[in-house]
Amino acid sequence: RAGLVSGLRYAVDLDLTGGSETFDVTTTIRFRAASATATFVDLVATAVHEITLNGRAVDVAGAWDVDVCRVRLDALRAGENEVVLRSTSVYEHTGVGLHWFTDPVDGEPYLHTQFEPFDAHRVFPCFDQPDLKATFAFSVTAPESWEVVSNTAATSRDGGRWVFAETAVMSTYITAIVAGPYHVVRDSHDGIDLGIYCRKSLAQYLDPGEILQITKDGFDFFQRVFEYRYPFGKYDQLFVPEFNAGAMENAGCVTIAEAYVFRSKVTEAERERRAETILHEMAHMWFGDLVTMKWWDDLWLNESFATYMSFHALIEATRFTGAWSTFSNGWKTWAYRQDQLPSTHPIVADIPDIDAVKVNFDGITYAKGAAVLRQLVAWVGEGAFLKGVASYFRRHEWGNTTLADFLGALEEASGRDLDPWSSEWLEKAGVDTLRPSFTAASGANGETEFASFAIEQSAPAAWPTLRSHRVGVGLFERDGERLVRRERLELDVVGPSTDVPQLAGRRVPDLVLVNDGDLAYAKIRLDDRSLDTLTSSLGSIDDELARSLCWSAAWDMLRDGELPARRYLPMVLANIDGEDQISVVQSLLRQAASAAVVFGDPARRDDALASLADTTHRLLHAAPAGSDLQLAFAKAFAGAARSDRYLGALRRLLDGSLVIDGLAVDTDLRWTLVKALAAAGADDASTLIDDELARDATDAGARHAASARASIPSAEAKRGAWASIVDDTALPLATMEATMAGFQQPDQEALLQPYVEPYFEALGRMWSDRVPEVALSFAEAMYPAAVATPELVEATNARLDGLPGPIRRLLLEGRDQVERVLRTRACDRETTV
């Protein structure tokens, strides 16, 4: 269609006054056709009332194919054409199209759109693909008490009638309408009008000062480094209910999940995550919105660039100057995990259809791509990289591009040929592993010295590419109570083995850290001496990024069955109190819980949880009052508590008879305690949940309650949750996801075993009867990975044939997790410490 249709202009008139089930739309599309031929527009609707093409009525029954969601246009003429369609569509409760939500607090309705990658045509008929950019003139009729927000500022408002200025040229998937009685805070910065929106019942929790400050810092940073002013006029950020992503970069109208409106105390890590999200979506205003990929094959570049630039902005323009540690320990860990799945793919992925792209919003597309871009920046130089980016924006403004266009701009700016880099890093999947290999001998002064030193590189058999890496090698030694870097050298690692003759004759240190400085995208291994050092001294490393890399290496070794859980967990518990990066602490606590419950020998699970509970209980009471660490340890303690003593402590925190100085037992922490007690099998779990829901009679409270009920370790609770998930088609996706999260408790294998066969039987029905977002969420979240047995692997293998590609991919990923768990548990059983 992009070769046939050009010069697109839309006028879209929505009537949102017809109740909570459907809305009416009148859409006028003007365009030029390259020839007199047939084409189609995309449309999901319950009714099409009228179609005219160039002033002539079109037979609706003959033109509208409801099954393939298309309206055929047979009588185009070469040159200018005009189509007018009147249609009715339904409000969604799945987070796509135009989503309707009723606030249980005050009964007020709130609406928002979500169109990426292919859902604009759920609201209005359109050529719904990214390379058919157009201008859009939206008008909306809504109740008079509502605010209505779109990509541009309103040019007029007459009662409930809103008319918006025509947009700049943009793709359908970044257009937006948000409507409802929203609370709004307005400001401006550098000539840009700013708005922060949330629903009225959340206004008391909104902290617009911090959000606006991050926004202003971001604009100053991006406009400077991109050498291009913000291109979309005003900039609104709207926190919308039941959003099915973190945020969405609609041009000038960014929608953000309400989880970022903090109803309770959160740690600095959560605030950093919100700031990264704000900056990520802002980076998209240039990279994605101003200049847009031609097709979803380049989704990775869109998301990887925004991820890399958001972290760069965090460090350079905000108070979150330690964000690279977060990136190393969190985002790269996600990338490594995704890159080892059977569904891994080159960063530049082949996206044959829209269904394929829906499962490609993954750790390769976001995290690996961003890590590789960071390597590219180091190679070509930050100055050349940003110069190339600025040239790219100017050259391709308002247009569509491919990867070649982006790399071409960087080649011009840097003078480097990027074809070999692209071939090695972007076009081949898999993650390499780097490990130190050395021999030692007694030196002249009696100290143990390196006789030889090399870095060995290996690759998985399925993706046997050995890449070129720039790595640092750090040598650390104990200095009193600290572990300090004695020296560091950098070198290029190429091929299966790279000698490092510079280290011959050097004293063998307490810790050898390959990839010191985190320059390379590769898994790293620790030698036995270094592991012994880290078991007692990891928390004493005086460099936060080096600590983070050691934590990541140990976690990788656990997941790969090279380090048993019974050795990993004591390492975390002995050293976590030396970690001062709260994002790393929270990640370590999650990993420690996984080591105890998922990756370790189930025969040792009770002892492992008791050890985790003992340590977090001690650290909870030792942490500074009111600190982020205190809150993190409180939540981890709740998750690990199993003994009567510790469950009693949770009850007393909940009823107020136990007070820990500085620990605010607020709404979110109360739900953490209730859910912990429910999952542990408290006799009065149902009463606790009902009482808490009465205290928190909000949609968030209802989701917490649904999750808690599904987590109760009883056959009755599981039956009720299963019926809700599978049979209740009116259940909002957000509530369904909360229920599924509660249902899947990794230490409730016996209760989950009866749902293995029903899960496989339900897959086809979910795909055929529900929207893809619901079917894919079910396929991923309800895969019975907790029942980690060889029989489950065999059952999965038997069901793979004939499944839709996206569902098959998720089953392959689930099977891989089970196989990995079986290996790590065997490692834990067979190891003595």
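The structure this text deals with has already been given above.
Residues numbered from 1 in each chain as written. Predicted model: local features only at pLDDT ≥ 70, side-chain atom pairs only at ≥ 80, totals over all residues. Heavy atoms only, no water.

### Some thoughts on the environment of L545
Mapped onto the fold, L545 is located in helix 12 (residues 544–559). Placed 278 residues apart in sequence, L545 and T267 show a C-alpha to C-alpha distance of 20 Å. Look past the residues within four positions of L545 in its chain and what remains in contact with it is W324, S325, S328, G517 and D518. (Helix = DSSP H or I, 4+ residues; strand = E, 2+ residues; numbered from the N terminus. Contact = heavy atoms within 4.5 Å.)

### Here's the deal with the pattern of salt bridges
Pairing is possible between side chains of opposite charge, provided their charged atoms come close. Under the definition given, this model contains 67 salt bridges. A salt bridge links R271 to D207, with the nearest nitrogen and oxygen atoms 3.1 Å apart. Of the two residues, R271 sits in helix 3 (residues 268–286) while D207 sits in the loop between strand 17 (192–198) and helix 2 (208–226), which places them 64 residues apart along the sequence. Residues R525 and D560 are paired through a salt bridge, measuring 2.4 Å at the closest nitrogen-oxygen approach. Residue R525 is located in the loop between strand 29 (523–524) and helix 11 (528–537), and its partner D560 is located in the loop between helix 12 and helix 13 (565–575); the two are separated by 35 residues in the primary sequence. (Salt bridge = Lys/Arg side-chain N within 4 Å of Asp/Glu carboxyl O.)

### Digging into the pairing of strand 23 (residues 433–442)
Of the pairings in the sheet, the one linking strand 23 to strand 24 (residues 448–458) comprises 10 bridges and is antiparallel in character. When the sheet's bridge partners are listed, F438 is paired in strand 24 with F453. Counted between consecutive antiparallel strands, the loop separating strand 23 from strand 24 contains five residues, among which G446 sits at a positive phi close to 90°. Where strand 23 and strand 29 come together, two bridges link them in parallel fashion. Among the inter-strand pairings, L434 is bridged to a residue of strand 29, identified as I524. (Pairing = 2+ DSSP bridges.)

### Focus on the nonpolar core
Core analysis: the biggest nonpolar cluster contains 153 residues, and F124, W286, M309, F385, F393 and F406 have the highest contact counts within it. The element best represented in this core is helix 4 (residues 299–317), accounting for 11 residues. Sequence-distant contacts of W286, defined by excluding residues within four places in its chain, comprise F219, F222, Q223, F226, Y228, R229, Y230, P231, V291 and F393. One finds I455, L511, M766 and V787 within the second-largest nonpolar core, a separate group that totals 137 residues. (Core = buried A, V, L, I, M, F, W, Y, C linked by side-chain atoms within 4.5 Å. Buried < 20%, exposed > 50% of the residue type's maximum accessible area, 1.4 Å probe, protein only.)

### A few points about the sheet that holds strand 3 (residues 39–42)
Strand order in the open sheet formed by three strands is 3-7-6, with antiparallel pairing between adjacent strands. At either margin of the open sheet sits one strand with a lone partner, and together these are strand 3 and strand 6 (64–65).

### Let's talk about the packing of helix 19 (residues 685–695) against helix 20 (residues 699–711)
Axis separation between helix 19 and helix 20 bottoms out at 9 Å; the angle between their running directions is 175°. Classified by the interaxial angle, the pair formed by helix 19 and helix 20 is roughly antiparallel. Contact residues: I689, D690 and L693 in helix 19; G701, A702, A705, A708 and R709 in helix 20. Looking at the contact of helix 19 with helix 20, its residues break down into five nonpolar, one polar and two charged. (Axes fitted to C-alpha atoms, helices over the stretch in contact; angles between N-to-C directions. Parallel < 35°, antiparallel > 145°, perpendicular 65-115°, else oblique. Nonpolar A, V, L, I, M, F, W, Y, C, P; charged D, E, K, R; others polar.)

### Focus on the sheet that holds strand 20 (residues 253–257)
Taking strand neighbours across the sheet as the criterion, the five strands line up as 16-17-18-20-19 in an open arrangement whose pairing is mixed. In this open sheet, the two strands that pair with only one neighbour each are strand 16 (183–189) and strand 19 (247–248). Examined bridge by bridge, strand 16 and strand 17 share seven bridges and lie antiparallel to one another. Looking across to strand 17, one finds that S188 is bridged to D193. The sheet strands contacting helix 3 are strand 18 (235–240), strand 19 and strand 20, and the helix crosses strand 18 at an angle near 135°.

### Quick word on the pairing of strand 17
Summarising burial for strand 17: six of the seven residues are buried, a large majority. Taking the residues between adjacent antiparallel strands as the criterion, strand 16 and strand 17 are bridged by two residues, where D190 takes a positive phi near 55°. Pairing between strand 17 and strand 18: four bridges, direction parallel. Bridged to I196 within strand 18 is Q237. Crossover connection from strand 17 via helix 2 to parallel strand 18: handedness left-handed. (Right-handed = clockwise from strand over helix to strand, strands pointing away.)

### A word on the packing of aromatic side chains
Under the defined criterion, the tally for this structure stands at 58 aromatic pairs. Where F136 meets F138, the ring centres are 5.9 Å apart and the plane angle is 5°; that geometry is what we call stacked. Summarising the burial analysis for this pair, F136 and F138 share the class buried. One Lys or Arg, R70, reaches over the ring of F40 and ends 3.9 Å from the middle of that ring. The ring of F743 is capped by K718, whose NZ or CZ atom sits 5.1 Å from the centre of that ring. (Phe/Tyr/Trp six-rings, centres within 6.5 Å; stacked < 30°, edge-to-face > 60°. Lys NZ or Arg CZ within 6 Å of the ring centre and 35° of its normal.)

### Focus: the packing of helix 11 against helix 13
Following both chains from N to C, one finds helix 11 and helix 13 inclined at 45°, their axes separated by 7 Å at the closest point. Comparing their axes, helix 13 and helix 11 come out oblique. Counted together, L531, D532, L534, T535, S536 and S537 of helix 11 and R567, M571, A574 and N575 of helix 13 form the full contact between these two elements.

### Describing the side chain of E249
Within the secondary structure layout, E249 lies in the loop between strand 19 and strand 20. The side chain of E249 sits in the buried core without any salt bridge; K133 is the nearest counter-charge, 11 Å away. Setting aside residues up to four positions removed in sequence, E249 forms contacts with E116, Y173, I174, E281, H284, M285, D289, N302 and E303. (Lys, Arg positive; Asp, Glu negative; His and termini not counted.)

### Comments concerning the environment of V597
With respect to the secondary-structure elements, V597 resides in helix 14 (residues 582–599). Taking the relative accessible area as the measure of exposure, V597 reaches 8% and is therefore buried. What V597 contacts, discounting residues up to four positions off in sequence, is R605, L609, P746, D747 and R825.

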